[in-house]
Amino acid sequence: MEGDGRVELTLSPETITEDDVCVIQDTWRPVYENRENAGVAVLIRFFGNFPSAKKYFSQFRDMQDPEEMRQSVQLKKHALRVMTTLNSMVENLRDADKLNTIFKQMGKSHALRHKVDPVYFKILAGVILEVLVEAFPQSFSPASVQGAWSKLMGVLYWQMNKVYAEVGWESIKNSAK
Ligand code: HEM
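If you're wondering where the values come from, they're calculated on a predicted model, not measured in any experiment. (Residues numbered from 1 in each chain as written. Predicted model: local features only at pLDDT ≥ 70, side-chain atom pairs only at ≥ 80, totals over all residues. Heavy atoms only, no water.)

Here we come to the coordination of the iron atom of the ligand. At this site the iron atom of the ligand is bound by His78 (NE2) and His110 (NE2), with donor distances of 2.0 to 2.1 Å. With six donor atoms in place around the iron atom of the ligand and angles of 88 to 180° between them, the coordination shape is octahedral. You can see His78 sitting in helix H4 (residues 73–91) and its partner His110 sitting in helix H5 (residues 96–113), a full 32 residues away along the chain. With relative accessibility at 15%, the residue His110 sits in the buried group. (Donors = N, O, S within 2.8 Å, 3.2 Å for Na, K, Ca; no water. Tetrahedral: all angles 85-135°; square planar, octahedral: opposite > 155°, others 65-115°. Helix = DSSP H or I, 4+ residues; strand = E, 2+ residues; numbered from the N terminus. Buried < 20%, exposed > 50% of the residue type's maximum accessible area, 1.4 Å probe, protein only.)

Okay, structure coming up:
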């Protein structure tokens, strides 16, 4: 699938250095202050470029028009949930146990309840980076900032794959078809 070029497949959390943590926490602040706009912009780009991802959302799976999607309560709700969870990750980058709990909860609910194919986490991670660089050019232009964020997105994807494997995604996905 296209759109997944910038996120590494297999990054363990230890690859995030202290410098990365500082960079991620500093650059996240203005994004989180604009969480609703930023989150909605990310999801509109995601569903616009990868319409098959809409199938998991009962209220806008059949919508084509981005303006109509923008008005969807379910889309806005998921945008805020994504931003709130990212905020918890960013706040707990130095607390491996907390991070693990966040990844576990997220992986379990998306695999078991929502039955989301994990490839969409990789695609969404790439879209998050893309939109943040565009929407916050001042803070996200430096290569060091993009490098730190792309590590975090890589870790997110890696962790999702780990939890998905633990909960038996291979058999769940066949029952989700
Ligand atoms: C950074 C990535 C993501 C984060 C942080 C995130 C976070 C969340 C959270 C916190 C919830 C509500 C609690 C729960 O059910 O776990 C949720 C619900 C949901 N997520 Fe995600 N999510 C992400 C990616 C995705 C992707 C890629 C998809 C599918 C393409 C997806 C589909 C859903 C669906 C269908 C629900 C239920 C929606 C509803 O009930 O209205 N999520 N997500």
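The first and last C-alpha atoms of helix H8 (residues 143–166) sit 34 Å apart over 24 residues, in line with the 34 Å expected at 1.5 Å per residue. Gly168 occupies a position one or two residues after H8 and carries a positive phi of about 80°. (Expected span 1.5 Å × (residues − 1).)

The space that makes up the largest pocket amounts to roughly 790 Å³. Around the largest pocket, the lining comprises 29 residues; the ones closest to its centre are His78, Arg81, Val82, His110 and His114. Mapped by element, the contributors of at least two residues to the lining of the largest pocket are helix H2 (35–49), H4, H5 and helix H6 (119–135). Top contributing element to the lining of the largest pocket by residue count: H4, with eight residues. When the residues that make up the lining of the largest pocket are grouped by side-chain class, the tally is 18 nonpolar, eight polar and three charged. (1 Å grid on protein atoms, 1.4 Å probe; cavity = no way out; pocket = protein on both sides within 12 Å on 5 of 7 lines; lining within 4 Å. Points joined across faces, edges and corners; volume = space filled by probe spheres on them. Nonpolar A, V, L, I, M, F, W, Y, C, P; charged D, E, K, R; others polar.)

Under the counting rule described, the total for this entry stands at 13 aromatic pairs. Measuring from centroid to centroid gives 5.1 Å for Phe46 and Phe47, while their planes differ by 50°, and the two rings are tilted. We classify Phe46 as buried; its relative accessible area is 6%. Look at Phe47 and you get buried, because its relative accessible area is 1%. (Phe/Tyr/Trp six-rings, centres within 6.5 Å; stacked < 30°, edge-to-face > 60°.)

The local shell around the ligand holds 19 residues, among which Gln74, His78, Ser109, His110 and His114 are the closest. Taking His78, its side chain carries an N or O atom lying 2.8 Å from a nitrogen atom of the ligand. In this structure, Arg113 approaches the ligand through a side-chain N or O atom, which is 3.4 Å from an oxygen atom. Applying the majority rule of atoms within 2 Å of the grid points places the ligand in the largest pocket. Every element with two or more residues in the shell around the ligand is listed here: H4, H5 and H6. (Near = heavy atom within 4 Å. Polar contact = N/O pair within 3.5 Å; in protein donor to acceptor, adjacent residues only side chain to side chain. Sits in = over half its atoms within 2 Å of the grid points.)

All we've got here are geometric facts, nothing functional implied.
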